[in-house]
Amino acid sequence: MTDATPLVEVVDLVKHFPVRGGLLSSLLRREQVVARAVDGVSFQIRRGRVFGLVGESGSGKSTTARLILRLIEPTAGKVLFDGVDMGTLSPNELRRLRSRMQIVFQDPMASLNPRMTIGDAIEHPARIHLPDLTPRQRRERVIEMLEAVQLTPGRQYYDKYPHQISGGQRQRVVIARALVTNPDLIVADEPVAMADVSVRALLLELMMDLKDRFDLTYLFITHDLATAKYVCDDAAIMYLGQVVERGPLREVFRDPTHPYTRALLGAVPVPDPRHRRTEPMPAGEIPSALFPPSGCRFHPRCPIAAAEVCPVLDPELRPVEGLPEHVAACHLRTGDYQHLDPERSG
Ligand code: SF4
């Protein structure tokens, strides 16, 4: 594959979880009820970039990440990793490919076995994916990874247990474990959300240093656009299983187009609030993925929804004026109905 081939290409990815049993199924016996966790998501992650998946809880970000890692099977659509359709691989081929992609979860305590030393925890994936290393070489590699995440000297941490170190240090251990197989892609699922505010910036800085040092590509999942702004080159904003806006992050920040992106940006502190070009986050919860709203899924919460079109037609992602890489799915902001947008029509 050439350097121009995206490291990851997600094409029309769908994941519907059947809902079985309970009152809902008996009430709707004739129809199979499904939760539409991911519903037609497409994007590309270029090598060496940090791609952000941004949205509220329940938007489908983490399910999308698990589909990319093939931890769960898609209902439809495909994921190409380095140009190879992962759905066509045998279990052995998939296991080999897995060493090139690792995940860092939000809660390091839940990711580490409390009865396993830090050294053993980091060594475990090396035993599976780097079988040619001798025990001594594996130990040296673990110590090297501990020092890469600034737990120095590494041998002092090797025999400690997770409860003997701080939360920030535990997340560094999880990052070291992700690095040990020399991956190309790291999926970071809210990696600093549980860290103290004082260590968040340090962890993010560390992750960016490691990206350059180990030639990594990141899929960075966050609910927080301020964090995304700090680390991401590109971003897709997700709402209820769909991408509603996507593009280079600086363009999305400079010209947020979808009302949901604008609402998320409304929560990001800015030096001069008079220059905020956003809308407040509308009241109400994200609707259930069991029964997504008709038409545009954001219409029940959208402050500018037009009754004639928004509850009826599902908007497609279309280029934002003059910005070919920046797309948004909104009838009033990019589609045939721009004349209905109160902001555009003055
Ligand atoms: Fe709002 Fe309509 Fe645009 Fe959806 S399509 S975001 S409801 S204006």
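Quantities reported herein were computed from a predicted structural model and do not represent experimental measurements.

1. Brief notes about the overall build of the protein chain
Thought 1: Helices and strands together make up the secondary structure of the protein chain, namely 13 helices and 12 strands.
Thought 2: Taking the principal axes of the C-alpha coordinates as reference, the protein chain spans close to 70 × 55 × 45 Å.
Thought 3: For the protein chain, the proportion of its 346 residues judged to be buried stands at 50%.
Thought 4: Here the analysis covers contacts within the protein chain between residues at least 6 apart in sequence; of these, 64% occur between residues at least 24 apart.
Thought 5: On the protein chain, roughly 16900 Å² of surface is accessible, and the fraction owed to carbon and sulfur atoms is 50%.
Thought 6: When the 43 positive and 43 negative side-chain charges of the protein chain are each reduced to one mean point, those points stand 5 Å apart.

2. Remarks on the site of the ligand
Thought 1: The local shell around the ligand consists of His258, Pro259, Cys296, His299, Cys302, Ile304, Ala305, Cys310, Cys330, His331 and Leu332.
Thought 2: Under a 2 Å grid-point criterion requiring more than half of the atoms, the pocket assigned to the ligand is the largest cavity.
Thought 3: Here the residues of the shell around the ligand sort into eight nonpolar, three polar and no charged.

3. Structural notes on the sheet that holds strand E2 (residues 33-45)
Thought 1: Sheet architecture is open: four strands sit in the order E2-E1-E4-E5, paired in antiparallel fashion. At either end of the open sheet lies a strand with only one pairing partner, and these are E2 and strand E5 (84-85).
Thought 2: Sheet analysis places strand E1 (residues 8-19) next to E2, joined by 10 bridges and oriented antiparallel. Of the residues in E2, the one forming a bridge with Pro18 is Val34.
Thought 3: Its contacts with the sheet put helix H2 (residues 61-68) on E1, E2 and strand E4 (76-81), and the angle it makes with E2 is roughly 65°.

4. A look at the layout of surface pockets
Thought 1: Volume-wise, the largest pocket comes out at about 410 Å³.
Thought 2: Lining the largest pocket we find 18 residues, and of these Arg98, Met101, Gln102, Ile103 and His129 sit closest to its centre.
Thought 3: When residues of the lining of the largest pocket are traced back to their parent elements, those giving at least two are helix H3 (91-98), strand E6 (101-104), helix H5 (118-129) and helix H8 (167-179).

5. Some points on the nonpolar core
Thought 1: In this structure, Ile175, Leu179 and Leu210 are the most contacted members of the largest nonpolar core, which totals 63 residues.
Thought 2: The dominant element in this core, judged by the number of residues it contributes, is helix H9 (residues 197-214), at seven residues.
Thought 3: The residues touching Ile175, leaving out its near neighbours within four places in the chain, are Val104, Val149, Leu203, Leu206, Met207 and Leu210.
Thought 4: Val10, Ile68, Leu69 and Met238 belong to the second largest nonpolar core, which has 29 residues in total.

6. A short note on unusual backbone geometry
Backbone geometry follows two general trends: most residues other than glycine have a negative phi, and most peptide bonds adopt the trans configuration.
Thought 1: Residue Thr152 is joined to Pro153 through a cis peptide bond whose omega torsion reads -15°.
Thought 2: Position of Pro153 among the secondary structure elements: in the loop between helix H6 (135-148) and helix H7 (154-158).
Thought 3: Its identity as a non-glycine residue notwithstanding, Arg70 has a phi of 60°, on the positive side.
Thought 4: The backbone phi angle of Asp82 is positive, close to 55°, even though this residue is not glycine.
Thought 5: Classification of Asp82 by relative accessible area gives buried; the value is 14%.

7. Overview of the sheet that holds strand E12 (residues 323-328)
Thought 1: In space, the eight strands of this open sheet follow the order E6-E7-E8-E3-E9-E10-E12-E11, with mixed pairing throughout. Edge positions in the sheet fall to E6 and strand E11 (318-320), since each has one partner strand and no second. Taken pair by pair, the neighbouring strands of this sheet meet at an average axis angle of 25°, ignoring direction.
Thought 2: Seen against the sheet, helix H12 (residues 259-266) touches strand E3 (50-54), strand E9 (234-239) and strand E10 (242-248) and runs at an angle of roughly 105° to E9.

8. Regarding the environment of Ser111
Thought 1: Among the structural elements, Ser111 can be located in helix H4 (residues 108-111).
Thought 2: Expressed as a C-alpha distance, the spacing of Ser111 and Ala121, which sit 10 residues apart in the sequence, is 9.7 Å.
Thought 3: Each residue touching Ser111, except ones within four places of it in the same chain, is listed here: Phe105, Val174 and Arg177.

9. A word on H9
Thought 1: Compared with an ideal rise of 1.5 Å per residue, which puts 18 residues at 26 Å, H9 spans 26 Å between its outermost C-alpha atoms and is within 8% of the ideal.
Thought 2: Residues of H9 that are buried: Leu203, Leu204, Leu206, Met207, Met208, Leu210, Lys211 and Phe214.
Thought 3: Looking at the buried side of H9, the elements it contacts are E3, H6, H8, strand E7 (185-189), strand E8 (217-222) and helix H10 (225-231).
Thought 4: Taken from the residues just after H9, Asp215 is the one with a positive phi, measuring 60°.

Rules used throughout
Residues numbered from 1 in each chain as written. Predicted model: local features only at pLDDT ≥ 70, side-chain atom pairs only at ≥ 80, totals over all residues. Heavy atoms only, no water. Helix = DSSP H or I, 4+ residues; strand = E, 2+ residues; numbered from the N terminus. Buried < 20%, exposed > 50% of the residue type's maximum accessible area, 1.4 Å probe, protein only. Contact = heavy atoms within 4.5 Å. Areas by Shrake-Rupley, 256 points an atom, 1.4 Å probe, with all protein chains shown as cover. Lys, Arg positive; Asp, Glu negative; His and termini not counted. Charge placed at Lys NZ, Arg CZ, Asp CG, Glu CD. Near = heavy atom within 4 Å. 1 Å grid on protein atoms, 1.4 Å probe; cavity = no way out; pocket = protein on both sides within 12 Å on 5 of 7 lines; lining within 4 Å. Sits in = over half its atoms within 2 Å of the grid points. Nonpolar A, V, L, I, M, F, W, Y, C, P; charged D, E, K, R; others polar. Pairing = 2+ DSSP bridges. Axes fitted to C-alpha atoms, helices over the stretch in contact; angles between N-to-C directions. Points joined across faces, edges and corners; volume = space filled by probe spheres on them. Core = buried A, V, L, I, M, F, W, Y, C linked by side-chain atoms within 4.5 Å. Expected span 1.5 Å × (residues − 1).

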